[in-house]
Amino acid sequence: MKVVSKDNIRGQKLSNIISEKKVLLQFSHPFIVDVHYVFENEKRVYFVMNFLRCGDLYKQLQHRSYFKESVAKFYAA
């Protein structure tokens, strides 16, 4: 589950969250995580997604600092 604090989504960030929701609910692709539900309460927005054992690409890059050329080519393709 991806949880986004509403304190962090003002102005342009709000339109990004709305766009993310529309795109993720509309498309099905092997390299894009499936989103099953999106809901919110007064403090947070929740995206219920398939479980990714190794996390998302951003987390992988934070963990490794950089990718080997072969890995970068895979993700770029």
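**Q** Explain the pairing of strand S3 (residues 44-49) to me, using residue names and the numbers behind them.
**A** One ladder, built from four bridges, connects strand S1 (residues 2-5) with S3; its direction is antiparallel. If you follow Ser5 over to S3, its bridge partner there is Arg44. As paired elements, strand S2 (residues 35-40) and S3 share five bridges and run antiparallel to each other. Residue pairing across strands places Glu40 opposite Val45, the latter belonging to S3.

**Q** I'd love a proper account of the pattern of salt bridges, names of residues and values included.
**A** Think of it this way: side chains of opposite charge can pair up when their charged atoms draw near. One pass over the full model with this rule turns up three salt bridges. Notably, a salt bridge pairs Lys2 with Glu20, separated by 2.6 Å at the nearest N-O pair. Remark: Glu20 occurs in helix H1 (residues 12-26) and Lys2 occurs in strand S1; sequence separation between them is 18 residues. Lys2 gets classed as partly exposed once you look at its relative accessible area, which sits at 31%.

**Q** Report on the confidence of the model for the protein, specifying residues and quantitative values.
**A** Counting all residues, the mean pLDDT for the protein is 86, and 99% of those residues have values of 70 or more. Mean pLDDT values over the elements of the protein span from 84, in helix H2 (residues 57-64), up to 93, in S3.

**Q** Can you lay out the side chain of Lys6 for me, pointing to particular residues and giving the numbers?
**A** Considering the arrangement of structural elements, one finds Lys6 in the loop between S1 and H1. Here the side chain of Lys6 touches Glu40 through a polar contact of 2.4 Å, side chain to side chain. In this structure Lys6 touches Glu40, Asn41, Glu42, Lys43, Arg44 and Val45, once residues within four positions along its chain are discounted.

**Q** So what about the sheet that holds S1? Which residues, and what values?
**A** The antiparallel open sheet is built from three strands, whose spatial order is S1-S3-S2. Whereas interior strands pair on both sides, the edge strands pair on one side only; in this sheet they are S1 and S2. Going from strand to strand, the sheet's axes swing by 15° on average, the running direction of each strand aside.

About the criteria used
Residues numbered from 1 in each chain as written. Predicted model: local features only at pLDDT ≥ 70, side-chain atom pairs only at ≥ 80, totals over all residues. Heavy atoms only, no water. Pairing = 2+ DSSP bridges. Helix = DSSP H or I, 4+ residues; strand = E, 2+ residues; numbered from the N terminus. Salt bridge = Lys/Arg side-chain N within 4 Å of Asp/Glu carboxyl O. Buried < 20%, exposed > 50% of the residue type's maximum accessible area, 1.4 Å probe, protein only. pLDDT = per-residue confidence, 0-100. Polar contact = N/O pair within 3.5 Å; in protein donor to acceptor, adjacent residues only side chain to side chain. Contact = heavy atoms within 4.5 Å. Axes fitted to C-alpha atoms, helices over the stretch in contact; angles between N-to-C directions.

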